[in-house]
Amino acid sequence: MVFNGYTLLDFWGPMSILTSLSATYNMSLSIIADKVGPVTSASVPHTMPDGSIVSTDNQIVSTVIATHSPQNAPPLDLLFVPGGFGSWNMGAEPWMEDFIKARFNDTDYIASVCSGSMTLARAGVLNEKRATTNKWGWAWLTEKKHGENVIWVPSARWVQDGKIWTSSGVAAGMDMTYALLSWMYGSEKVGDMMNTMELAPHTNEHWDPYSVVHKVPGADTSRSLKELVGPVGYN
């Protein structure tokens, strides 16, 4: 899924891993937005919980072309939900919540990156589920108004609960994608692909040092914040 105001790496990070792996495994890709056509990473200015104004007016933005809308999207095996300031405002992208609700039972896996978990919470699919999200925006993203009875895990880099996978902020989406695809296809070919990309994933799902950096309540402060990653298959 994609929407105006999406975070670039939330979308393109997992996309790069998926498209690389599609050379080995047959895949098809649908990019779903509220309507077919260009979707921009630009978002309108809006007020953050601390009163500050966030805007992409002074940033370089990127555009992706949506291939499908909710009305003509095909059956899905895996649905990725990115985050981004464009979806932070309540009710900003209601079609996303409606689409997730409509497709949830028929989709094998649903994965959110960063604040995409807030969209899942708003859709009601995280009720009584374990999940995590962006640590920088933790306090606001985990408010009950976004979804009742979510079991938020403060120190997790990513969380799997049944068919739902949720990651911490932005770059953590690539770590989750590595773990998810290894779980789906086995680690050998996925690991070889990651080393070809020269990307060293964070492989400890239970530990996100940014939970300490951003002072998330309940975070584990006893661990080292460094030396967490390396090439797949090498000690």
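Summarised in this report is the structure supplied together with it. Here, residues in each chain are numbered from 1, in the same order as that chain's written sequence. It should be noted that, the model being predicted, local features are given only for residues of pLDDT at least 70 and side-chain atom pairs only at 80 or more, the latter also being counted only at that level, while totals for whole chains, interfaces and linings use all residues. Working from all heavy atoms in the structure, the side-chain values ignore hydrogens and water.

1. Some points on the sheet that holds strand β9 (residues 158-161)
Thought 1: Pairs of strands are assigned from DSSP output, requiring at least two bridges between the strands. By definition, any uninterrupted DSSP run of H or I lasting at least four residues is a helix, any uninterrupted run of E lasting at least two residues is a strand, and each is numbered from the N terminus. Taken together, 4 strands build an open sheet; the order of strands is β5-β6-β10-β9 and the sheet is mixed. Whereas interior strands pair on both sides, the edge strands pair on one side only; in this sheet they are β5 (78-81) and β9. Geometrically, the sheet is characterised by an average inter-axis angle of 15 degrees between neighbouring strands, direction not taken into account.
Thought 2: Where β5 lies against strand β6 (residues 109-112), 4 bridges are found, and the strand directions are parallel. Looking across to β6, one finds that Leu78 is bridged to Tyr109. As a rule, the C-alpha atoms of each element are fitted with a line to give its axis, helices using only the stretch in contact, and angles between N-to-C directions run from 0 to 180 degrees.

2. A few points about the environment of Ala42
Thought 1: Mapped onto the fold, Ala42 is located in the loop between β1 (37-40) and β2 (46-47).
Thought 2: Sequence separation between Ala42 and Asn4 is 38 residues; the distance between their C-alpha atoms is 6.2 Å.
Thought 3: When checking whether two residues touch, look at their non-hydrogen atoms; a contact exists if any pair is within 4.5 Å. The contacts of Ala42, once residues within four sequence positions are left out, are Asn4, Gly5, Thr56 and Val61.

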